[in-house]
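Below, each chain spelled out in residue letters.
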Amino acid sequence: MDDLYRAISDPTRRAILDELVERDGQTLFELCGRLTMKHGIGSSRQAISQHLEVLESAGLVIAKREGRCKFHWFNGEPLRAIAERWPAKR
Amino acid sequence: MRISGCSVMVDDQAKALEFYTKVLGFQTKHNIDLGEHSWITVVSPEDPDGAVVGLEPDVHPAAKTFKAAMVEDGIPFTSFAVDDIEAEHKRLESLGVRFTQPPVDHGTVVTAVLDDTCGNLIQIAQEKGQS
């Protein structure tokens, strides 16, 4: 669980998730382009790659290879645990 | 000094010439047999005296490693300009071209990324405000 809270504590990582929700299955290149142009996040590809690793270890992003390219997919399943722990209505 | 052209490193020159002419729609400018490989360049039919793209064999040992790393991260190393990216995307997809990024609007430019089947990703870009 700690991985999950740490993963969503960072604004750049939240922006990555926003972009994947908008269009799932992106390469690192596409994600970096969107973060720069839409969010004004000028981090290096290397930095974004490290953010993706954090999101992957929390299970929020799944990286899959198709041919020679690597694509990143959003997985919202781990977030369910948050809503179950602190339900909106009891 | 002017820019006369640049190169893409391809894994198969014959296949590359087929793709860059028949699919992308460029014209052959040079095709000179040099023995094991050829000197091949293509130009845009919209600008036949303009910059050429050389289709160079990726025989250097470092080339394949470099190309694989670029492709893994979805990075296009070469970019071509188009007037209507949506139309090109549709046309190329109907020819079986695989896009790793469909057209994405970046404000002043719309870009898409395609697989050249020779080990490279190519960006196509439409500048906005262009008819």
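That block above? That's the structure.
To keep things clear, this report deals only with the structure shown in the data block.

**Remarks on the pattern of salt bridges**
Residues and elements named next belong to chain A.
Link 1 in the chain: Counted by the stated rule, this structure contains 16 salt bridges over all chains.
Link 2 in the chain: Residues glutamate 19 and lysine 38 are paired through a salt bridge, measuring 3.1 Å at the closest nitrogen-oxygen approach. Here lysine 38 lies in helix H3 (residues 28-39) and glutamate 19 lies in helix H2 (residues 11-22), a separation of 19 residues in the sequence.
Link 3 in the chain: Look at the salt bridges and you will find they share partners, linking Glu19, Glu22, Arg23, Glu30, Arg34 and Lys38 into a network.

**Some words on the state of the cysteines**
Link 1 in the chain: For the coordinates displayed, the defined rule picks out zero disulfides over all chains.
Link 2 in the chain: With no disulfide of its own, A:Cys69 lies closest to A:Cys32 among cysteine sulfurs, the gap being 14 Å.
Link 3 in the chain: Take A:Cys69: its relative accessible area is 1%, and that puts it in the buried class.
Link 4 in the chain: Cysteine B:Cys118 is unpaired, with the sulfur of A:Cys69 as its nearest cysteine sulfur at 14 Å.

About the criteria used
Residues numbered from 1 in each chain as written. Chains lettered and ligands numbered in written order. Predicted model: local features only at pLDDT ≥ 70, side-chain atom pairs only at ≥ 80, totals over all residues. Heavy atoms only, no water. Salt bridge = Lys/Arg side-chain N within 4 Å of Asp/Glu carboxyl O. Helix = DSSP H or I, 4+ residues; strand = E, 2+ residues; numbered from the N terminus. Disulfide = S-S within 2.5 Å. Buried < 20%, exposed > 50% of the residue type's maximum accessible area, 1.4 Å probe, protein only.

Any link to function would need more than the numbers given here.
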